[in-house]
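Geometric and topological summary
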There are 2 protein chains.
Amino acid sequence: MQKLKSHKTFGGRTEFWSHPSRETKTTMKLSSFIPEGPVHGCLIWLSGLTCTEENFITKAGAQRSLAEHGLMVVAPDTSPRGLNLPGEHDSYDFGSGAGFYLDARTPGYDQHYRMESYIVRELVALIHEQFKISRLGILGHSMGGHGALTLGLRYPALFASISALSPIVNPSAVPWGIKAFQGYLGEDRELWREHDSCELLKRGHRHAAPILIHQGTQDEFFETQLLTRNFEEAARAVDQNHKVVYAEGYDHSYYFISSFIGEHVRHHAEQLRS
Amino acid sequence: MQKLKSHKTFGGRTEFWSHPSRETKTTMKLSSFIPEGPVHGCLIWLSGLTCTEENFITKAGAQRSLAEHGLMVVAPDTSPRGLNLPGEHDSYDFGSGAGFYLDARTPGYDQHYRMESYIVRELVALIHEQFKISRLGILGHSMGGHGALTLGLRYPALFASISALSPIVNPSAVPWGIKAFQGYLGEDRELWREHDSCELLKRGHRHAAPILIHQGTQDEFFETQLLTRNFEEAARAVDQNHKVVYAEGYDHSYYFISSFIGEHVRHHAEQLRS
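Residues numbered from 1 in each chain as written. Chains lettered and ligands numbered in written order. Predicted model: local features only at pLDDT ≥ 70, side-chain atom pairs only at ≥ 80, totals over all residues.

Summing up its helical and strand segments, chain A has 11 helices and 9 strands in all. Scaling as 2.2 N^0.38, a compact globule of 274 residues should have a C-alpha radius of gyration of about 19 Å, and chain A matches this with 17 Å. The principal-axis extents of the C-alpha atoms in chain A amount to approximately 50 × 40 × 35 Å. In chain A, buried positions account for 57% of the 274 residues. Considering only residue pairs separated by 6 or more positions, chain A has 70% of its internal contacts joining residues 24 or more positions apart. (Helix = DSSP H or I, 4+ residues; strand = E, 2+ residues; numbered from the N terminus. Rg over C-alpha atoms; globule rule 2.2 N^0.38 Å. Buried ≥ 20, exposed ≤ 12 C-beta atoms within 10 Å, placed from the backbone. Contact = placed C-beta atoms within 7 Å.)

Contact residues are listed per partner, giving 18 residues for chain B and 18 residues for chain A. Looking at the side of chain B that touches chain A, the elements with two or more residues in it are β1 (2–9), α1 (55–59), α2 (63–69) and α10 (254–273) of chain B. If one sorts the elements of the side of chain B that touches chain A by residue count, α10(B) sits on top with 4 residues. Class assignment for the residues of the side of chain B that touches chain A results in 4 nonpolar, 10 polar and 4 charged. (Nonpolar A, V, L, I, M, F, W, Y, C, P; charged D, E, K, R; others polar.)

In space, the 9 strands of this open sheet follow the order β1-β2-β3-β5-β4-β6-β7-β8-β9 (chain A), with mixed pairing throughout. Edge positions in the sheet fall to β1 (2–9) and β9 (242–247) of chain A, since each has one partner strand and no second. Here the strands of the sheet are splayed against their neighbours by 15 degrees on average, with no regard to which way each runs. Relative to strand β6 (residues 136–141) of chain A, strand β4 (residues 41–46) of chain A runs parallel, the two being bridged by 5 bridges. Paired with Cys42(A) across the bridge in β6(A) is Leu136(A). The strands touched by helix α5 (residues 143–154) of chain A are β4, β6 and β7 (161–165) of chain A; relative to β6(A), the strand with the most contacts, the crossing angle is about 145 degrees. Seen against the sheet, α10(B) touches β1 and β2 (12–20) of chain A and runs at an angle of roughly 25 degrees to β1(A). (Pairing = 2+ DSSP bridges. Axes fitted to C-alpha atoms, helices over the stretch in contact; angles between N-to-C directions.)

This part covers the packing of helix α2 (residues 62–69) of chain A against helix α11 (residues 254–273) of chain A. Residue and element names in this part refer to chain A. Axis separation between α2 and α11 bottoms out at 9 Å; the angle between their running directions is 25 degrees. As summarised for this structure, α2 and α11 are arranged roughly parallel, according to the angle between their axes. When you trace α2 past α11, the crossing you get is right-handed. Here α2 contributes Ala 62, Ser 65, Leu 66 and His 69 to the contact with α11, which in turn contributes Ile 261, Gly 262, Val 265, Arg 266 and Ala 269. The class makeup of the residues in the contact of α2 with α11 is 5 nonpolar, 3 polar and 1 charged. (Parallel < 35°, antiparallel > 145°, perpendicular 65-115°, else oblique. Left-handed = near helix turned anticlockwise from the far one by under 90°.)

So this is what it looks like as structure tokens:
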């Protein structure tokens, strides 16, 4: 891993890194914050459509809460970069900036768009090697909320805690998810179910810790792309411990994320230190 | 004033505005955060070189502290925009994005680059009309720290409290300041002294409240452009109440600002509520 930048922040350090990735066969970038003093665990933050490794670490204001709780965070980029696959750069919701945290099966994409393996194998190993941390939580926003819920439910032994802000909970049923699944997985809907948090719950995937979700009621994508209530229903039906907070008047922006990131960090701190 | 965007944040609202300016004869933009509940005063945040009305409100993480203390903030753009004066867009440290919070005297610039009058007359009046707040503090970063110190010392009756992060304290003596003063004020160094916080102290300008300054020791501009110790010396020599904190290891970035903005908000809250 090559350190690109380092800024002292709240007594700790905000840093930017790049490294050659085995899974994506590209150079991947990520940001991190490491607090001063003992570190009790690492959160992996997954960002939403169009984001890079920069958005969360500059705009969420998470460092203050992370420093308070002695947690570090790693925020990877949202897709491979520097490629030129067919259709990769044509729209904001597919290809670059829109990896959807799964391993693609479609020709060309299957060689590089392996964001699931990148996160759960390569990044988890890097965190262990570079920072000597193995106690992990996973969280994210929007497409990254989908990533946190699906990877958390698919790999409950890897992640001790899960949370999400305005996640795409039921991608098989909404335009963003359908476009991504068609482009990365093809038309076999059986494959789609393995990357849909509602479907994973129905198929028996569970997590021992309570799953925390915040959803703004004035989120412009709430009714069309996010469908938070479907997750609530699925979780209730199968007795998955969960808490969904509908935050009155909040939208989909980083102003919303910054308002509730402190509660999410505390949620993970409780799970990771217990 | 036209409201361009509004985002619920920490129970209050982060908003973006534009308005036709009498002083600059251009459309000026600004951002604001208004907490929920009673508002005890308004801080005017002045940004540094290259910034717009967006940098502070998206990256400083100030809303959490402002909400805690019941203070609002207004962050204006750093210069007029949409003009095409000679040399206005040729460098990052003069012209657009670099208004230096003074009223220009040089031909062309004197018609529009009136950032001092814009802040102390027009913006102060707008805050009173639009938000019904007249209790004000002023603070800023780098070029904006220079603005906060000089405008605070020049108009002590307008601003009940002053603070700055990595301010240009002695612009007459450093490359950024000399370039700006030559371009906006011409070669008459007597005029320069009225816009240099060290010189203002020497000329008898005082503020009743303690002035708080944070300066990172790893700031890449500390020794060449900021010269914080000159302010300390001048303030000590004339008995201006002040507190300069040298923050070990911090640089010039928003990661530094976000780490100490909470202390600055508390400083202003103490002055504004007393």
